[in-house]
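Now for the letters of each chain:
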Amino acid sequence: MSPLEGTPAAPPADGNDVTVIIVNWNGGEMLATCVKHLQAQTTLPARVLVVDNASSDNSLAQLPPWDRLTVLRMPSNLGFAAGNNRALEVATTHYVALLNPDAFAAPDWIEQLLKVAQAHPKAASVGSRQLCHEAPTQLDGTGDCYHLSGLAWREGHGQPQQPSHLIEREIFAPCAAAALYRRHALQEIGGFDERYFCYMEDVDAGFRLRLAGHTSRYAPQAWVTHVGSATSGGKRSGFASYHGHRNMVWTYIKNMPGPLLWALLPLHLAANIASLLVLAVRGQGRIGVQAKWHALLGARYAWQQRRNNLHNCKASAADIWRVLDKSIPFLQISPSSRDHQQTR
């Protein structure tokens, strides 16, 4: 089957029970490089779905031929969240692995992710060890941290690798630039929130999976090199700042259990005010105000989603408190857990 026909074929008989989803928007030659790394996996995926958000470059033309590869062409740039949801609608495997076009997987990436997932049946997601592509001795991140103030960041981002980074452990949620999910668990919570478009949608999904009673693991032997912010203008771009700071508020309203929501609200408000000051110093004060204003305009939506998320909640406030980061962090410039390539 041609990889450009847009209707996924049945998984090959010898394929494994994982579908890799790549959401692409003008990924250029990086997309082809990403797919070539998947072709070299010790455990091949049953299927690779490239969701193309109406790219205007030649990234699709550079894709290598592969009978496991299908391109799903979107009519416009739907964003990272909706792009992944469109692929989830047609995926049939037990697991789905999300991978950014600018993330290049080690040969045993899928094998190592599956090994940890199968060893921890309560974990609905497994995160990778992400290394900076230009400086592979430096971490791009080991998973998502969610602070009790509502700030979120990639743990270990920018740090030199240490022996402690090679130890498997629980994390709050994986960074969706390179992560494995149990498909049914992700679909049961409604997938990614498409209103986010991009930034913080993986933290939000991770939070909702926890509310549903699941956990998350970090698989240090499953590593990728990640370029990061390849076409979004960087994590400090206006686009990233707007979406990150708006979605930060929604994530807190939607998911924080009642006792924690009200007890930590002063800290959340302080974090928002402090972030506005940082953005103003950076020359993005107007963007920050717009982000927070739009967050307030969407607060009713977020509260409605909160009712859905907490209606059948299986996790207690104590369960969530246990996995919140309680450090005194440096103010996160952008409350985003992942730098990916989605732009307007």
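Residues numbered from 1 in each chain as written. Predicted model: local features only at pLDDT ≥ 70, side-chain atom pairs only at ≥ 80, totals over all residues. Heavy atoms only, no water.

1. Comments concerning the pattern of salt bridges
Step number 1: What the rule picks out here adds up to 10 salt bridges.
Step number 2: As a salt-bridge pair, Asp204 and Arg208 come within 3.0 Å of each other at their nearest N and O atoms. In this pair, Asp204 and Arg208 both sit in helix α5 (residues 201–211), 4 residues apart, roughly one turn of the helix.
Step number 3: Note on Asp204: relative accessible area 0%, which makes it buried.
Step number 4: Residues joined by salt bridges that share partners form a network here, namely Asp193, Asp204, Arg208 and Lys254. (Salt bridge = Lys/Arg side-chain N within 4 Å of Asp/Glu carboxyl O. Helix = DSSP H or I, 4+ residues; strand = E, 2+ residues; numbered from the N terminus. Buried < 20%, exposed > 50% of the residue type's maximum accessible area, 1.4 Å probe, protein only.)

2. Structural notes on the pairing of strand β6 (residues 123–132)
Step number 1: Within β6, 10 of the 10 residues are buried, which leaves the element mostly enclosed by the surrounding structure.
Step number 2: Of the strand pairs in this sheet, β6 and strand β12 (residues 215–226) are connected by 9 bridges, and their pairing is parallel. Bridging across to β12, Val126 finds its partner in Arg217.
Step number 3: Both β6 and strand β11 (residues 178–182) contribute to a ladder of 3 bridges, which runs antiparallel. Looking across to β11, one finds that Val126 is bridged to Leu180. (Pairing = 2+ DSSP bridges.)

3. Examining the confidence of the model for the protein chain
Step number 1: Within the protein chain, residue pLDDT values average 90, and 89% of them lie at 70 or more.
Step number 2: Low confidence marks residues 1–5, where pLDDT is under 50. Its contacts with residues over four positions away, or in another chain, come to 9 contacts.
Step number 3: For residues 336–344, every residue scores under 50 in pLDDT, and the model assigns this stretch 60 contacts once sequence neighbours within four places are set aside. (pLDDT = per-residue confidence, 0-100. Contact = heavy atoms within 4.5 Å.)

4. Points about a nonpolar patch on the surface
Step number 1: Nonpolar side chains collect at one region of the surface, where Trp293, Leu296 and Leu297 lie side by side and expose about 370 Å² of accessible area between them.
Step number 2: Position of Leu297 relative to the elements: it lies in helix α9 (residues 285–297). (Patch = residues over 30% accessible without salt bridge, like charges linked within 9 Å, V, L, I, M, F, W, Y side chains within 5 Å. Areas by Shrake-Rupley, 256 points an atom, 1.4 Å probe, with all protein chains shown as cover.)

5. Points about unusual backbone geometry
Step number 1: In the Ramachandran plot, Asn26 falls in the positive-phi region, its phi being about 55° despite a non-glycine side chain.
Step number 2: As for its placement among the helices and strands, Asn26 is situated in the loop between β1 (16–24) and α1 (29–39).
Step number 3: The buried category is assigned to Asn26, whose relative accessible area is 15%.
Step number 4: Look at Tyr199: it is not a glycine, yet its phi comes out positive at around 70°.
Step number 5: Along the chain, Tyr199 turns up in the loop between α4 (183–188) and α5.
Step number 6: For Tyr199, a relative accessible area of 0% translates into the label buried.

6. Topic: α9
Step number 1: The end-to-end C-alpha distance of α9 is 18 Å, a good match for the 18 Å that 13 residues give at a rise of 1.5 Å each.
Step number 2: Inspection of α9 places Gly288, Ala291, Lys292 and Ala295 among the buried residues, and these make up the whole buried set. Buried residues of α9, viewed axially, fall in a sector of 90°; they line one side. Across α9 from its buried face, at more than 90 degrees, point the exposed residues Arg286, Val289, Trp293 and Leu297.
Step number 3: Buried residues in α9 make contact with α6 (238–255), α8 (265–281) and α10 (299–311). (Expected span 1.5 Å × (residues − 1). Arc of directions from axis to C-beta.)

7. Quick notes on the packing of aromatic side chains
Step number 1: Across all of its chains, the model carries 10 aromatic pairs by this definition.
Step number 2: Both rings, one in Tyr146 and one in Phe207, keep their centres 5.2 Å apart while their planes meet at 70°; by these two values the pair is edge-to-face. Of this pair, Tyr146 sits in strand β8 (residues 144–146) while Phe207 sits in helix α5, and the two are 61 residues apart along the sequence.
Step number 3: Judged by relative accessible area, Tyr146 falls into the buried class, the value being 0%.
Step number 4: Grouped by ring-pair contacts, the aromatic residues Phe80, Tyr181 and Phe192 constitute a single cluster.
Step number 5: The ring centre of Trp303 lies 5.1 Å from the NZ or CZ of Arg306, which sits over that ring. (Phe/Tyr/Trp six-rings, centres within 6.5 Å; stacked < 30°, edge-to-face > 60°. Lys NZ or Arg CZ within 6 Å of the ring centre and 35° of its normal.)

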